[in-house]
Structures are given as C-alpha cells and as structure tokens.
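Notes for the structure review
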Amino acid sequence: MEIDVKDPDSNIDVVILGGGLAGCALAIQLQQSIPDVEVSILEKRSLPFPDAAHKVGESTIEVGAHYFTSVLDLSHQLRTCKLEKLGLRYFFNNGQNAPISERLEFGQVYFPPIPSYNFDRGRMENLLVHECVLREIDYLGGCRVKSIDLDKDGHTVTYGRDGMTQTIRARWVVDASGRAGILKRKLVPCHRIGLVL
Ligand SMILES: Cc1cc2nc3c(=O)[nH]c(=O)nc-3n(C[C@H](O)[C@H](O)[C@H](O)COP(=O)(O)OP(=O)(O)OC[C@H]3O[C@@H](n4cnc5c(N)ncnc54)[C@H](O)[C@@H]3O)c2cc1C
C-alpha cells in the first residue's frame, strides 16, 4: 500500500481523532479561543451523516445545553435540531393502553429557567461539521486512523482514506474517538483495561 507523507517536516497544531460530538465541539472551541490555530479532524465515517439518530445520546443535560448554546454560542444554529425539555414527565395508563396524548399526565407546566434539550443526533452532528467547515477547520471524513507515533518533536498519525495510507503530523493529538479509545488502547495494554479488540 502506498504511503503518502504530505509534508513530513511541518506540524499542524492539533489533530483530533474522531469527528463526533466531542471532536467537533473541541475544534470549534479551540478556534474560538485561538483563531489562528491549525486543527485537523480525522473521522472514519463519510459525510453527510444520516439525519435520523444513528447513535445513542439524543438529549443534553443542563450543563451540556449551556456548553453548546453559551460557550460555543451555537444557539441560533441549533434551533432546527433541538427541542426544549420540560423535565421529567409521567404518563399514567389508568388501566387502559390509550395513546399517550390521551393519558393522565403529571409533570412541570413551566419550562425550567435553565434549559436542556432533546435533539436529533444526526442533524446535530452534521450541523457541527458544517460549523467546523465554515470556520476553516480541516474536517476529513472517510479517514480511519490506523496508528499513532508519539514523539516530543511532533506526533505522527497514520490513517487510511480512499484505499491510500496517509500521515499527518501535529504538536498535539486529541483522542475523541469515543469508545474506540484509540490512544487508550495504544498506551494501556488491553488486558489491563479489559478491552476485547
Ligand atoms: C445507551 C446510551 C444512551 C446515551 N444517552 C445519552 C444522552 O441522552 N445524552 C448524552 O449526552 N449522552 C448520552 N450517551 C453518551 C453519548 O452517546 C456519548 O457521550 C457521546 O456519543 C460521546 O461523544 P464522543 O464525540 O465522545 O464520541 P462519539 O460520538 O462516539 O464519536 C467518536 C467518533 O470517532 C470516530 N472514530 C472511531 N474510531 C475511529 C478511527 N479509528 N478513526 C477515525 N475516527 C474514528 C467515530 O466514527 C465517531 O464519529 C448515551 C450513551 C449510551 C451508551
């Protein structure tokens, strides 16, 4: 397989492994704090993601809602994929299995002062990717990370894309690959953390 080293002598600032919720949010926050920062995100799935929820995790708690709307300042952008939650609600069946809209309902009447949201996960992730692209963050879909070489002069990440093997070098590597735990698997022997590969 061909090895294509883009620019072996230059490091970008940060490479993020995984372009899900955490990876995109971090890239946006970094770009907000340091506008000149060079960030690349490597995501194994191809874009766009399916609209309907294709992953678990479709609601935020209050602190997550605060992070997306106030810290990342994405309130306006998120309006099409979120629905404000009205707290915990109970629906009593009163001995019959009536449609939920006809059942006795118990819960808050007013929205809480600190909001939390339900959202469509696919739309939410597509929106975050779109936001990254608008901010000129280098979002590379269809890239499966294969290995990482950590080095004090710059870390090298090797990934596969379109049947080619490519590398990217960065001063910082952030593992946002979720349960794949790419860096964790590299740094901690699997038998010690009970992972089955
Ligand atoms: C049953 C269940 C219910 C949940 N409910 C909620 C909820 O209601 N609200 C909530 O906030 N959270 C919920 N969670 C947790 C939520 O799903 C996770 O916290 C969230 O998905 C984490 O986001 P992430 O970006 O860290 O990881 P992920 O969303 O998993 O993103 C990781 C990304 O890395 C990519 N990736 C993986 N391996 C590679 C590789 N080798 N190369 C390149 N890319 C790679 C993946 O394709 C993926 O896009 C729930 C979890 C479970 C299991």
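Residues numbered from 1 in each chain as written. Predicted model: local features only at pLDDT ≥ 70, side-chain atom pairs only at ≥ 80, totals over all residues. Heavy atoms only, no water.

1. Here's the deal with the packing of aromatic side chains
Applying the stated criterion across every chain, the model contains 3 aromatic pairs. Aromatic rings pair up to connect Y90, F92 and F106 into one cluster. Positioned over the ring face of F49 is R45, at 3.7 Å from the centre of the ring. (Phe/Tyr/Trp six-rings, centres within 6.5 Å; stacked < 30°, edge-to-face > 60°. Lys NZ or Arg CZ within 6 Å of the ring centre and 35° of its normal.)

2. Topic: unusual backbone geometry
Residue L47 is joined to P48 through a cis peptide bond whose omega torsion reads -10°. Residue placement: P48 occurs in the loop between β3 (39–42) and α2 (62–71). Positive phi, close to 60°, is recorded for E136, a residue that is not glycine. Within the element layout of this structure, E136 appears in the loop between α4 (121–134) and β8 (138–140). Here D162, not a glycine, exhibits a phi torsion of approximately 50°, which is positive. (Helix = DSSP H or I, 4+ residues; strand = E, 2+ residues; numbered from the N terminus.)

3. With respect to the site of the ligand
Around the ligand sit 22 residues in total, of which E43, R45, K55, S59 and R121 are the nearest. At a separation of 3.2 Å, an oxygen atom of the ligand approaches a polar backbone atom of L21. Taking K44, its main chain carries an N or O atom lying 3.2 Å from a nitrogen atom of the ligand. Notes on the ligand: free accessible area 990 Å², of which the protein chains cover 64%. Among the secondary structure elements, those contributing two or more residues to the shell around the ligand are α1 (21–33) and β9 (144–149). (Near = heavy atom within 4 Å. Polar contact = N/O pair within 3.5 Å; in protein donor to acceptor, adjacent residues only side chain to side chain. Areas by Shrake-Rupley, 256 points an atom, 1.4 Å probe, with all protein chains shown as cover.)

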